[in-house]
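What follows is each chain in one-letter form.
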Amino acid sequence: MPEVEVNGTRLYYQQAGAGPDVLLVHAVTSNQAVWMFAGLVDALAQDYRVTTYDLRGHGASERPQSGYTSAAMAKDFAELHSALGLGPAALVGHSFGGVVAMHAALDYPQTVRGIILSDSFFPGLKHIEPNFGKMNIWADLRATFQKVGVDLGDTVDFTRLFRATAELSPENFKTLEDIYGAFGRGWLRQLPKLAETNCGDEVLEVAGLTAERISGMTQPVIALYDEFSPFLATCEWLKKHVARCSVEIIPNAKHLALVENTPAFTDAVRRHLKALTL
Amino acid sequence: MNSDRILSDLAAVVGQTFPDRDFPPVDLESRAFADLGLASIDLVVLAERLELHYGKKLPFGMFLKGLRERGADDVSLGDLVAFLQHNV
């Protein structure tokens, strides 16, 4: 397997295509398969060298106890960028992947030429985001877990989710696997593994990525937010406070546009990447 | 290349890729997730191993996207064999 040791952790990555460098950074509890299953890697590899990797603790990467803040994962990115000999890259980050992308652009500006955010929530902007904690996808998750007698609470709490999944009986775990289906089973299986780490709490730390730092971003930022996103206040804030930020709303999606509206998401990413890599 | 040969190759590559797992005997009806117990990231790893085996890049993303668009809830080895027959 193509792996690279960075920041004390072994990360699993894949590359396809040739051209300017593009890196795809997945969300918390996801892994790089999401990009392949959406067909985005093949679509972009026609014009770019596309690198996908599993964040620490996720997919086929190593799962250390700690190092899950956006600052630590930005360092992972920077060391991966160096180890693979990449050029200044455009980063596409979904949800927390966008937070890592922003943090990397600020801490390691020579590695990042611009970023595309997909429906990202920033812990450093929690004060302007009224919907954090009441996300629609958390409500969906809570309703599903209630079917096996587990209450996840009404506020987003990754650590609680990971621990609750780790404590499920085999019968209840199987019930949830059947509910989430074949394509969601891998996601579910990852949750109890993350219970062994500090990931749930650390991903919600500001970790130095304050509102002030974000507003000082100098590279281009493309903010793709979903039509029914819980984070439209964040989208508005970015548009107002980040100098080179442009916004596009992806219709018919509520946080997972790359899955919920793959054609529109792919089209938007391709258009914006073309501008970013000129 | 005929489908029996590709299915045989596929079963061998699956076994080599995940040597610590026990897999049941497979046929074209076997499903990657439900029967073999693979997860999505396993398919990324398997895709890479199949590319190494056949010595060429294969458009797995488009294949998987097509399955999703058809509403498939799993990946049958029959679908995978047909994909490989078309692309190797």
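About the cut-offs
Residues numbered from 1 in each chain as written. Chains lettered and ligands numbered in written order. Predicted model: local features only at pLDDT ≥ 70, side-chain atom pairs only at ≥ 80, totals over all residues. Helix = DSSP H or I, 4+ residues; strand = E, 2+ residues; numbered from the N terminus. Rg over C-alpha atoms; globule rule 2.2 N^0.38 Å. Buried ≥ 20, exposed ≤ 12 C-beta atoms within 10 Å, placed from the backbone. Contact = placed C-beta atoms within 7 Å. Core = buried A, V, L, I, M, F, W, Y, C linked by C-beta atoms within 7 Å. Domains from an automatic or database assignment. Nonpolar A, V, L, I, M, F, W, Y, C, P; charged D, E, K, R; others polar. Pairing = 2+ DSSP bridges. Axes fitted to C-alpha atoms, helices over the stretch in contact; angles between N-to-C directions. Parallel < 35°, antiparallel > 145°, perpendicular 65-115°, else oblique. Left-handed = near helix turned anticlockwise from the far one by under 90°.

S.K.: Can you explain the overall build of chain A? Please cite residues and give values.
M.R.: Counting secondary structure elements, chain A contains 12 helices and 8 strands. Computed over its C-alpha atoms, the radius of gyration of chain A comes to 18 Å, within 12% of the 19 Å expected for a compact globule of 278 residues. Projecting the C-alpha coordinates of chain A onto the three principal axes gives extents of approximately 55 × 40 × 35 Å. Expressed as a percentage of its 278 residues, the buried residues of chain A come to 49%. The long-range share in chain A, meaning contacts at least 24 apart out of those at least 6 apart in sequence, stands at 71%.

S.K.: Let's hear about the interface of chain A and chain B: which residues, and what values?
M.R.: Reports often express the size of an interface as the amount of accessible area lost when the parts come together. Facing 21 residues of chain A, the contacting portion of chain B comprises 19 residues. Of all the secondary structure elements, the ones that give two or more residues to the side of chain A that touches chain B are strand E2 (9-16), helix H1 (33-37), helix H2 (40-44) and helix H7 (170-194) of chain A. Top contributing element to the side of chain A that touches chain B by residue count: H7(A), with 6 residues.

S.K.: Mind laying out the nonpolar core, listing which residues take part and the relevant values?
M.R.: Residues and elements named next belong to chain A. One finds Val22 and Leu91 to be the most contacted residues of the largest nonpolar core, which totals 111 residues. Composition of this core by domain shows at least three residues from each of domain 1 (3-126 + 202-276) and domain 2 (136-200). Those residues in contact with leucine 91, other than ones at most four positions away along the chain, are Leu23, Val25, Ala101, Ala104, Val112 and Ile115.

S.K.: Describe the domain arrangement of chain A, naming the residues involved and giving the relevant values.
M.R.: All names here are of chain A. Partitioning chain A into structural domains gives domain 1 (3-126 + 202-276) and domain 2 (136-200). Contacts between domain 1 and domain 2 engage 15 residues on the former and 14 residues on the latter. The class makeup of the residues in the side of domain 1 that touches domain 2 is 5 nonpolar, 7 polar and 3 charged.

S.K.: Describe the sheet that holds strand E3 (residues 21-25) of chain A, naming the residues involved and giving the relevant values.
M.R.: The pairing of strands in a sheet comes from backbone hydrogen bonds and takes either a parallel or an antiparallel form. Residues and elements named next belong to chain A. Strands sit in the order E1-E2-E4-E3-E5-E6-E7-E8 across an open sheet of 8 strands; the sheet is mixed. Edge positions in the sheet fall to strand E1 (3-6) and strand E8 (245-250), since each has one partner strand and no second. In this sheet, adjacent strand axes meet at a mean angle of 25° when their direction is disregarded. The pairing of strand E6 (residues 112-118) with strand E7 (residues 221-226) spans 4 bridges and is classified as parallel. Note on E7: the bridge partner recorded for isoleucine 116 is isoleucine 222. Set on the sheet, helix H3 (residues 70-83) makes contact with E1, E2, strand E4 (49-53) and strand E5 (89-94); between it and E1 the angle comes to about 125°.

S.K.: I'd like a description of the packing of H3(A) against helix H4 (residues 96-107) of chain A, backed by residues and values.
M.R.: Residues and elements named next belong to chain A. As a packed pair, H3 and H4 sit with axes 8 Å apart at the nearest point and diverge in direction by 70°. If you check the angle between H3 and H4, you find them roughly perpendicular. Our pair here, H3 against H4, has a crossing hand that is right-handed. When H3 is examined against H4, the residues Ser70, Ala71, Met73, Ala74, Phe77 and Ala78 are found in contact with a partner set consisting of Val99, Val100, His103, Ala104 and Asp107. Looking at the contact of H3 with H4 residue by residue, the class counts come to 8 nonpolar, 2 polar and 1 charged.

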